[in-house]
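Understanding the architecture of this molecule
Here are the chains, one letter per residue:
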Amino acid sequence: MKKIIKYADRILEIKPYNVSVERDLLLYSLGDEKDINEVLDILKDSFVLKNLKNEIIDYRNITFKEKLFIGYCLRQISISENLNLKFMCDCGNVIDRDVSIGNILEKSKDLPKEFNDVISDDYQDFFNENIDEMDVLEFDKLCEIIDENKTKFNFTLEIPCFYCKKIHNKSLESVETLLNTMSENSLENFYNIVTKLVFHGKFDFNGIMKMYPFEKEVYLTQLNREIEEIQKLKR
């Protein structure tokens, strides 16, 4: 189960991480220091980033936003594109919404052919000529064109309140927020689920660790259904 995502001068190949990696991410999230490179180190067997020449790109050398984007892509394929957000609105009502995180990538639109379509924070990478030799006003105008049309990553979700109609802007642009989405369980609930699958479902522990997170949830749902049916028959 693989997926290929093409954008700018990149080719991102991803596959779901397994339950063992989900556990490792939960354990890592308990630490005080959270580094995006260390998160991707845990996930490195689930993705490969290449350029258009099919050469592997070292993910440690890409921008912070692109690293976060890769993390959320892996979350989508391993768990779900939908993310549940629950918070209190200023009007006093609780907002409980499932929102899509599938639109983080905004591909380049009308970037003129004379510019390089790349992912970079350095304007020089977009030009084939030396920017130091450009006129200042010309350079500023060209930078505006680049900023408007280049490939971007948008981590802000607009979530309306059904009651007062206020629009809440929720940002996903942090390592901590990413980590919080990489499992739908707390560490305690994770181990409770694994224990339930082993002792009640008779699953092999190592087999569970090799499952994908979305598979684990499917098996758990089926097991809970069977347990409920058994309990009904006993009444």
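All values derive from a computational prediction rather than experimental measurement.

The rules behind the values
Residues numbered from 1 in each chain as written. Predicted model: local features only at pLDDT ≥ 70, side-chain atom pairs only at ≥ 80, totals over all residues. Heavy atoms only, no water. Helix = DSSP H or I, 4+ residues; strand = E, 2+ residues; numbered from the N terminus. Areas by Shrake-Rupley, 256 points an atom, 1.4 Å probe, with all protein chains shown as cover. Lys, Arg positive; Asp, Glu negative; His and termini not counted. Charge placed at Lys NZ, Arg CZ, Asp CG, Glu CD. Pairing = 2+ DSSP bridges. Axes fitted to C-alpha atoms, helices over the stretch in contact; angles between N-to-C directions. Contact = heavy atoms within 4.5 Å. Parallel < 35°, antiparallel > 145°, perpendicular 65-115°, else oblique. Left-handed = near helix turned anticlockwise from the far one by under 90°. Nonpolar A, V, L, I, M, F, W, Y, C, P; charged D, E, K, R; others polar. Polar contact = N/O pair within 3.5 Å; in protein donor to acceptor, adjacent residues only side chain to side chain. Expected span 1.5 Å × (residues − 1). Buried < 20%, exposed > 50% of the residue type's maximum accessible area, 1.4 Å probe, protein only. Arc of directions from axis to C-beta. Salt bridge = Lys/Arg side-chain N within 4 Å of Asp/Glu carboxyl O.

**A short note on the overall build of the protein**
- Along the protein, the regular secondary structure elements total eight helices and nine strands.
- Taking the principal axes of the C-alpha coordinates as reference, the protein spans close to 85 × 50 × 35 Å.
- Total accessible area on the protein stands at roughly 14,200 Å², and carbon and sulfur atoms take up 46% of it.
- Separation between the mean location of the 33 positive side-chain charges and that of the 44 negative ones in the protein comes to 10 Å.

**Thoughts on the sheet that holds strand β1 (residues 3–7)**
- Taken in spatial order, the three strands of this open sheet run β1-β2-β3, and their pairing is antiparallel. The sheet terminates laterally at β1 and β3 (47–51), the two strands that pair on one side only. Taking the axes of each pair of neighbouring strands and ignoring which way they run, one obtains an average angle of 15° across the sheet.
- Pairing of strand β2 (residues 10–14) with β3, which is carried by five bridges, proceeds in the antiparallel orientation. Along β3, the bridge assignment pairs Arg10 with Asn51.
- The sheet contacts of helix α3 (residues 64–78) involve β1, β2 and β3, and relative to β2 the element is tilted by about 35°.

**A look at the packing of helix α6 (residues 187–199) against helix α8 (residues 213–234)**
- The N-to-C vectors of α6 and α8 enclose an angle of 60°; their axes lie 10 Å apart at closest approach. Comparing their axes, α8 and α6 come out oblique. Considering only the axes of α6 and α8, their crossing is left-handed. Residue-level contacts link Phe190, Ile193, Lys196 and Leu197 of α6 to Lys216, Glu217, Tyr219, Leu220, Leu223, Asn224 and Ile227 of α8.
- Considering only residue class, the contact of α6 with α8 consists of seven nonpolar, one polar and three charged.

**Details of the side chain of Glu22**
- Within the secondary structure layout, Glu22 lies in helix α1 (residues 19–29).
- Within the structure, Glu22 has its side chain in polar contact with the side chain of Ser183 (distance 2.6 Å).
- With residues near it in sequence (within four places) discarded, Glu22 still touches Tyr17, Met182, Ser183, Glu184, Asn185, Phe190, Pro213 and Lys216.

**What about α6?**
- For α6, built from 13 residues, the straight-helix expectation of 18 Å at 1.5 Å per residue is met to within 8% by its first-to-last C-alpha distance of 18 Å.
- Leu187, Phe190, Ile193, Val194 and Leu197 are the residues of α6 that are buried. Burial along α6 is one-sided: seen end-on, the buried residues are contained in an arc of 125°. Of the exposed residues in α6, the ones pointing more than 90 degrees away from its buried face are Glu188 and Phe199.

**Some words on the pattern of salt bridges**
- Summed over the entire model, instances satisfying the criterion amount to eleven salt bridges.
- The residue Lys50 makes a salt bridge to Glu13 at a minimum N-O spacing of 3.5 Å. In this pair, Lys50 sits in strand β3 while Glu13 sits in strand β2, placing the two residues 37 residues apart along the sequence.
- In this structure Lys50 comes out as buried when scored by relative accessible area, which is 15%.
- In this structure, Lys150 and Asp147 form a salt bridge, with 3.7 Å as the shortest nitrogen-oxygen distance.
- Look at Asp147 and you get partly exposed, because its relative accessible area is 30%.
- A cluster of three or more residues bridged by salt bridges with shared partners is formed by Asp9, Arg10 and Glu66.

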